[in-house]
Amino acid sequence: MSTLDRVRKCCRVGVSEHGGPVLRLSGATGERVAGYAGLARCGSPHACPTCAPRIGASRAQEIAHVVAAAHGEGGSAALLTLTLRHRKGQALADLWDAVTYAWGRVTSGKAYQAERERFGITGWVRATEVTYGEAGWHPHAHVLIFFDTPMSPDMVRALGESLWPRWERAVTRRGYSAVEHRGGLDVRVVNPGSAGLGEYLQKVAMEAVGAPWKRGRDGSRTPFQILDDLVYEGHGDDLDLWTEWEVGSQGRKALTWANGTRERYRLAPERSDQELADEEVGTADDDLIALPAETWRAMRDVAPELLDAAETGGMFAAAHWLNTRGLSWLPAARVVRPPVWRGVSAG
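Let me begin by describing the structure that accompanies this report. Computed from a prediction, not measured in an experiment: that's the story for all the values here.

What about the overall build of the protein chain?
Along the backbone of the protein chain there are 12 helices and nine strands. With 347 residues in all, the protein chain has 50% of them scored as buried. Taking the contacts inside the protein chain whose residues are at least 6 apart along the sequence as the reference set, 75% of them involve residues at least 24 apart. As displayed, the protein chain has an accessible area near 16800 Å², and 51% of this comes from carbon and sulfur atoms.

Right under this line is the structure:
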C-alpha cells in the first residue's frame with residue numbers, strides 16, 4: 001500500500017547476485033538466531049515498520065550515551081518540548097516545516113549566544129515527534145539540552161521562558177500561534193539518580209527520539225498506530241492519513257544535533273539512517289542457505305517460518321522446510337558474492 005517505492009521493496013527484494021537473500025544462522029544450539037542478509041532496506045526512519053525501530057534504537061543508544069556522559073562530567077540535561085496550536089485540516093508538511101523553522105530561530109542570534117553563556121549550554125539534540133488526534137496533526141519538538149553544571153527545575157524553567165518568545169514569534173511568522181501555558185512549553189530536568197540508571201536513560205532517550213514503538217496519549221495516535229488500524233480495521237480515512245504521513249515525513253532527518261555536540265561527548269561520526277538500516281546482523285561465516293530469486297518470491301510472505309525452522313533444527317530443518325515445498329536452494333558456500341553486500345536481518 002505504500003506510496004514510496006523504496007518502502008514497498010524493503011525486505012522484499014534481494015540485492016545479491018543470485019537474486020534472493022541468504023539465510024544466516026548464528027549462535028549455539030538453543031540460542032540460535034536466524035535472519036536474512038542481502039535484502040534491500042529503505043532506510044526510512046518514519047514510514048517503514050522494519051527500518052524505523054532499528055534506526056530509532058540506534059539513535060536512542062547515542063542519546064543515552066550523551067546524557068550519561070554529561071552527568072559523568074558533573075553536568076546535567078533537560079528535556080524541552082515545544083509545540084504550536086493546530087487544528088484538523090492543516091497540512092502535516094506545513095506544520096512540520098513551522099516547527100523546524102521555529103527551532104532554527106530559537107537557536108540563532110545574540111540572544112541564544114547569551115543563553116549559552118548564562119546557563120552553560122554545551123549542546124543539544126532535537127527530534128520532531130508527530131501524533132494525530134481530534135485536532136489533527138500534532139507535531140512537537142523534543143530537545144535534549146546539555147549543560148556543564150547541575151541544573152535545578154527553576155533554572156531550566158527560566159531557560160524555557162527565556163527562549164519561548166522567539167519560538168512564539170517564529171511560529172507566528174509561519175501563520176500559526178503558540179500558547180506557553182496551554183501545552184506549548186514543557187521543560188523537565190533529566191535526573192537519573194542512583195537506582196535504575198540504565199533503564200531511566202533509555203526511557204529518556206526513547207522519549208527524546210520519538211521512538212516508533214511509542215503510543216499516543218489522550219486519544220491521539222502515532223503514525224504507526226494509524227498504520228496498525230489501517231491494516232487490521234481497514235478504515236479509508238486511515239489510508240489517507242498514512243499517505244499524508246509518508247509524503248510529509250519523506251526526507252526528514254530523525255535527529256538533528258547541534259554543531260559540536262557529538263564531538264564534545266565523544267560520539268563517533270554520525271551515520272545516516274540508510275547506513276543504520278543497512279547494517280548486517282552476523283557475518284558471512286554465519287551464512288547457511290542461498291535462496292534464488294524465484295524461491296524468495298514464492299516464500300517471502302511466510303519467510304518467518306523458515307527462520308523458525310533454522311533456529312529450531314539448523315541446516316537440516318531449514319533444508320527440509322524448503323524441500324517439502326519444492327523450493328530450490330543452494331548451500332551458501334557455493335554462492336559467489338558481489339563486491340558489496342547491503343541489507344540486514346529481516347527478523
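Quick notes on the packing of helix 3 (residues 92-106) against helix 8 (residues 236-249)
Between helix 3 and helix 8, whose axes approach to 9 Å, the crossing angle comes to 40°. As judged from the angle between their axes, helix 3 and helix 8 are oblique. As helix 3 packs across helix 8, the resulting crossing turns out to be right-handed. Mapping the contact onto sequence places L92, A93 and W96 in helix 3 and E244, W245, G248 and S249 in helix 8. Looking at the contact of helix 3 with helix 8 residue by residue, the class counts come to four nonpolar, two polar and one charged.

Description of helix 12 (residues 303-323)
For helix 12, spanning 21 residues, the distance from its first C-alpha to its last is only 15 Å, which falls clearly below the expected 30 Å at 1.5 Å a residue. The largest bend in helix 12 amounts to roughly 140° and is located at G313. Among all positions in helix 12, only A303, L306, L307, A309, A310, G314, A318, A319, W321 and L322 are buried. In this structure, the buried side of helix 12 is in contact with strand 1 (19-26), strand 2 (33-37), strand 8 (287-292) and helix 11 (293-299).

Description of the packing of aromatic side chains
If you walk through the whole model with that rule in mind, you get seven aromatic pairs. Ring geometry for W103 against W124: centres 5.4 Å apart, planes inclined by 85°, an arrangement best described as edge-to-face. Here the residue W103 occupies a position in helix 3, and W124 occupies one in strand 4 (residues 121-133), the gap between them amounting to 21 residues. Both residues of the pair, W103 and W124, belong to the buried class. Put simply, the rings of W96, Y132, W137 and W245 touch in pairs and so form one group of aromatic residues. The ring of Y101 has R174 lying over it, and the distance from NZ or CZ to the ring centre is 4.2 Å. A cation over a ring is seen here: R262 above W257, with NZ or CZ 5.3 Å from the ring centre.

Some remarks on the pairing of strand 5 (residues 136-147)
Within strand 5, 11 of the 12 residues are buried, which leaves it mostly tucked inside the rest of the structure. Bridge count for strand 3 (residues 76-83) against strand 5 is eight bridges, and the pairing is antiparallel. If you follow T83 over to strand 5, its bridge partner there is H140. The turn joining strand 4 and strand 5, which pair antiparallel and follow one another in sequence, is formed by two residues.

Comments concerning the nonpolar core
Counting 55 residues, the largest nonpolar core has L80, L82, W103, W137, I145, F147 and W167 as the members making the most contacts within it. When residues in this core are grouped by element, the largest group, eight residues, is from helix 3. Aside from chain neighbours lying at most four places away, what touches W167 is L82, T83, V99, A102, W103, V106, A141 and A178.

Rules used throughout
Within every chain, residues take consecutive numbers counted from 1 along the sequence as written. Where local features are concerned, this predicted model is filtered to residues with pLDDT of at least 70; where side-chain atom pairs are given and counted, the filter is 80 or more; whole-chain, interface and lining totals use all residues. Calculated side-chain values reflect all of the structure's heavy atoms, with hydrogen atoms and water omitted. Helix numbering and strand numbering both begin at the N terminus, where a helix is a DSSP run of H or I of at least 4 residues and a strand a DSSP run of E of at least 2. Summary of the burial criterion: residues with accessible area below 20% of their type's maximum are buried, those above 50% are exposed, and those between are partly exposed, where the area comes from a 1.4 Å probe applied to protein chains only. Here, residues are in contact when the closest pair of their heavy atoms is within 4.5 Å. Per-residue and other accessible areas were derived by the Shrake-Rupley procedure at a 1.4 Å probe size, with only the shown protein chains allowed to occlude residues. Between N-to-C directions, angles cover 0 to 180 degrees, with each direction set by a line fitted to C-alpha atoms, over the stretch in contact for helices. Angles below 35 degrees are treated as roughly parallel, those above 145 as roughly antiparallel, those between 65 and 115 as roughly perpendicular, and all remaining angles as oblique. Throughout, a crossing is termed right-handed when the near helix is turned clockwise from the far one, and left-handed when it is turned anticlockwise from it by less than a right angle. Asp, Glu, Lys and Arg are counted as charged, while Ala, Val, Leu, Ile, Met, Phe, Trp, Tyr, Cys and Pro are counted as nonpolar; the rest, among them Gly, fall into the polar class. Each helix should span, by expectation, one fewer than its residue count multiplied by 1.5 Å. Bend, in this description, refers to the angle at a residue between axes fitted to the seven residues ending there and the seven starting there. Centres within 6.5 Å are what make two rings of Phe, Tyr or Trp a pair, Trp counting through its six-membered ring; a difference in plane orientation under 30 degrees is then read as stacked, over 60 as edge-to-face, and the rest as tilted. By definition here, charges over rings are those cases where NZ of Lys or CZ of Arg is within 6 Å of the ring centre and within 35 degrees of the ring normal. At least two bridges found by DSSP between two strands is the condition for calling them paired. Think of a nonpolar core as a cluster: buried Ala, Val, Leu, Ile, Met, Phe, Trp, Tyr and Cys residues, connected wherever their side-chain atoms sit within 4.5 Å.

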